[in-house]
Amino acid sequence: MPRPAPRDVRTVACVGAGVIGGGWVAHFLARGYDVRAWDPAPDAEARLRRLVDAAWPALERLGLAPGASPTRLTVTDTLEEAVSEAQFVQESAPEKLELKRELLAKLDAATPAGIVIASSTSGYPMTDMQTEAVTPGRLVVGHPFNPPYLIPLVEVVGGEHTDAASVEWASRFYEVAGKSVITMEREVPGFIANRLQEALWREALHMVANGEATVREIDRSITEGPGLRWAFMGPMLTFALAGGEGGMAHMLDHFGPSLKSPWTRLDAPELDRALYDAVVAGCEDASDGRTIADLVAERDQGVIDVLRATGRLPGTGAR
């Protein structure tokens, strides 16, 4: 089939139906698409439908596209069935490079010619993943943030053998599908947001490992501090405001020397049993008896509240 215009897409295939893949399924259903999903796990369909059911109340609060319904989900028995009529494919398999290479090659062989195939990889460059595909020009990275049905961001970037037209098409499709898109000009492992998130995560683990802060204190330091600013203004402009009327130039002149201060340890700490146990126990303490389902519902409502408060609720029209 010829590649449709992004606005004309009606059927999306989601390959891999775990937390991220299932989140994509929920998002595309809420945007009014027909979704065909496949996952090799024997209980995949039951898990996927539970995830969609759990996400649907939040999606209803956000606003559904006309005709959006969980009944538009079809779970297929084979990968080939899932992609046979797809106008866009979202792959969300586990983060194992050899698995990604093999799966993307299979998707390339089974998906109609010209249809764009995107990977949800959280760190691998597409150049490293497209090595076994016969037509790698249509393979792109479409990296979301969890949960994909609520967090708007998706980072799009191609590999060395990806056609520029495929990257452009994917970026436009995600925009039509209600996402906020960053189209990266260059590959970098981990992309943009994950590299920043990982730096914060490593420093948090160091503080737990050294007994310098608890899990509860670390989380509160963000939710009651810079996280409130980051919800609508990123770290660069936030720091520019620290320079007063002089902006970033004054900030760099004034605070530049602190870059040499021992405020960060970017090397990851050794994840030994003591640190492992401390982080797990700390999260259990910080949960205050709330189940994972409770925390998911709390997170989802919080994201909706932030999106609404900052005027960033997505539109409800799928196309």
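Residues numbered from 1 in each chain as written. Predicted model: local features only at pLDDT ≥ 70, side-chain atom pairs only at ≥ 80, totals over all residues. Heavy atoms only, no water.

**Student:** How would you sum up the sheet that holds strand β5 (residues 117-119)? Please name residues and give values.
**Tutor:** If you trace the eight strands from one edge of the open sheet to the other, you get β3-β2-β1-β4-β5-β6-β7-β8, paired in mixed fashion. At either end of the open sheet lies a strand with only one pairing partner, and these are β3 (73-75) and β8 (180-183). The sheet shows a mean angle of 25° between the axes of neighbouring strands, taken without regard to direction. In terms of strand pairing, strand β1 (residues 11-15) meets strand β2 (residues 34-38) through five bridges, oriented parallel. Across the sheet, residue C14 finds its bridge partner in β2, namely A37. (Pairing = 2+ DSSP bridges. Helix = DSSP H or I, 4+ residues; strand = E, 2+ residues; numbered from the N terminus. Axes fitted to C-alpha atoms, helices over the stretch in contact; angles between N-to-C directions.)

**Student:** How would you summarise the environment of G247 if you had to cite specific residues and measurements?
**Tutor:** Tracing the backbone through its elements, the reader meets G247 in helix α11 (residues 247-255). Distance in space between the C-alpha atoms of G247 and A37 is 49 Å, their sequence separation being 210 residues.

**Student:** For the packing of helix α7 (residues 193-209) against helix α8 (residues 215-223), give the residues involved together with the corresponding values.
**Tutor:** Close contact between α7 and α8 brings their axes to 10 Å; oriented N to C, the two are set at 145°. Crossing of α7 over α8 shows right-handed handedness. Across from L200, A204, M207 and V208 in α7, the residues of α8 making contact are V215, I218 and I222. Of the residues belonging to the contact of α7 with α8, the class tally is seven nonpolar, no polar and no charged. (Left-handed = near helix turned anticlockwise from the far one by under 90°. Contact = heavy atoms within 4.5 Å. Nonpolar A, V, L, I, M, F, W, Y, C, P; charged D, E, K, R; others polar.)

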